[in-house]
Protein chains: 2
Amino acid sequence: MAQKAFQDYYSDDFSHCYGCGRLNEHGLQIKSYWDGKESVAKYLPNEHHIAIPGFVYGGLIASLIDCHCTGTAAAASYQKEGRDMDTEPPLRFVTASIKVDYIAPTPLNVELEIRGKVVEIKGKKVVIEAKVLANNKTCAIGVVVAVRMPETMLSK
Amino acid sequence: MAQKAFQDYYSDDFSHCYGCGRLNEHGLQIKSYWDGKESVAKYLPNEHHIAIPGFVYGGLIASLIDCHCTGTAAAASYQKEGRDMDTEPPLRFVTASIKVDYIAPTPLNVELEIRGKVVEIKGKKVVIEAKVLANNKTCAIGVVVAVRMPETMLSK
């Protein structure tokens with residue numbers, strides 16, 4: 001994709017996250033992009049992200065949904081303000097709550113697609129629905145309530 | 001603690017989980033125990049489990065709750081059947097859904113305590129409420145719906 005990922009707009013200070021920080025060499029380093037009105041990220045789990053033989057453990061699924069959705073919340077908020085993601089002030093989000101329903105076992109050794117859709121954006125709160133697909137089959141459905149990061153956390 | 005952890009009763013085939021498998025050298029290897037009617041696990045996050053500087057990323061919190069609760073579901077089910085965890089047939093659980101509310105930022109460099117409480121146990125379904133504490137302060141509250149692992153997954 002020619003687009004720059006949402007996470008690649010984060011300043012260095014906000015790029016250490018285990019789920020999506022480009023500077024966390026031990027982390028997942030997920031990258032999220034717009035795909036029309038939805039956001040999409042792709043991730044190939046590692047062999048050690050196993051639950052039981054052949055399947056991905058649920059914590060990884062939740063982590064992928066979490067970081068993809070907070071990134072989507074940021075991107076959608078810039079979009080709502082009619083601003084590019086590299087303009088000031090920065091809009092960063094944290095997760096207030098996450099709910100994940102595991103619909104089907106998620107196979108290992110398959111690139112997962114995480115798709116997000118903004119269902120509410122109001123003030124400092126953004127609600128995103130997400131799904132995780134393997135081989136085009138939905139394995140998990142999530143809802144994330146993301147809230148604007150408090151000033152106290154932004155100004156470290 | 002003199003008790004054997006719930007996870008240490010899992011057979012080798014079920015001990016590869018990234019969250020709680022004793023055989024996953026890359027994983028979290030959490031260990032859960034009874035503490036009266038509640039279950040408890042302790043975990044010291046690694047430096048790379050960062051969200052933003054000073055705080056733990058939410059995906060780890062969700063992962064800890066997830067594995068601690070499926071372990072608690074198993075232990076509670078053996079208890080309900082009046083059986084020790086090393087008796088046959090094995091009772092293993094998978095997560096049907098997880099909800100986590102992040103109440104307060106979770107500090108890094110602090111051993112976390114994950115406490116679980118069974119709120120419903122009926123047939124193949126166990127519902128567990130969990131909280132994650134840092135320095136005795138609740139940082140996250142979770143609810144996990146765990147269901148008995150299907151025979152097809154047990155008989156690999």
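Before reading on, note that the structure itself is shown above.
Residues numbered from 1 in each chain as written. Chains lettered and ligands numbered in written order. Predicted model: local features only at pLDDT ≥ 70, side-chain atom pairs only at ≥ 80, totals over all residues. Heavy atoms only, no water.

A word on the interface of chain B and chain A
Our working definition: Contacts are residue-level and defined by heavy atoms, with any inter-residue pair within 4.5 Å sufficient. We define buried area as the total accessible area lost by two parts upon association, computed with a 1.4 Å probe and summed across both. The term salt bridge refers to a pairing of a side-chain nitrogen on Lys or Arg with a carboxyl oxygen on Asp or Glu at a separation within 4 Å. Pairs of N or O atoms within 3.5 Å make up the polar contacts considered here, provided that, within protein, one atom can donate a hydrogen while the other can accept it, and that residues adjacent in sequence are counted only when both atoms are side-chain atoms. Only DSSP runs of H or I reaching four residues or more are called helices, and only runs of E reaching two or more are called strands; each is numbered from the N terminus. Only Asp, Glu, Lys and Arg are considered charged, only Ala, Val, Leu, Ile, Met, Phe, Trp, Tyr, Cys and Pro nonpolar, and every remaining residue, Gly among them, polar. Being paired, for any two strands, means DSSP has found at least two bridges between them.
With 33 residues of chain B at the contact, the number on the chain A side is 33 residues. In this assembly, chain B packs against chain A so that about 2,700 Å² is buried in total across both faces, 67% of it on carbon and sulfur atoms. For the interface between chain B and chain A, the tally reads zero salt bridges. Counting across the chain B and chain A interface gives 13 residue pairs in polar contact (both at pLDDT 80 or more). Elements supplying a minimum of two residues to the side of chain B that touches chain A: helix 1 (58-80) and strand 3 (93-102) of chain B. Here the side of chain B that touches chain A gets eight residues from one element, more than from any other, and that element is strand 3 of chain B. Here the residues of the side of chain B that touches chain A are counted per class, giving 17 nonpolar, eleven polar and five charged. As defined by bridge partners, strand 3 (residues 93-102) of chain A adjoins strand 3 of chain B across five bridges and the pair is classed as antiparallel. When the sheet's bridge partners are listed, Asp101(A) is paired in strand 3 of chain B with Ser97(B).

Concerning the relation of the copies chain B and chain A
Our working definition: Copies overlap after least-squares fitting; the atoms used are the C-alpha atoms of residues with pLDDT of at least 70 in both.
When chain B is brought onto chain A, the operation consists of a screw motion whose angular component is 180 degrees and whose axial shift is 0.0 Å, with 0.0 Å RMSD remaining. What the superposition gives is, in effect, a two-fold axis relating one chain to the other. Across chain B, the smallest distance between a C-alpha and the rotation axis is recorded for Lys99(B), namely 2.1 Å. Comparing contact sets, 100% of the residues at the interface of chain B also lie at the interface in chain A, consistent with an isologous, same-surface contact.

By themselves, these observations are geometric and do not establish any function.
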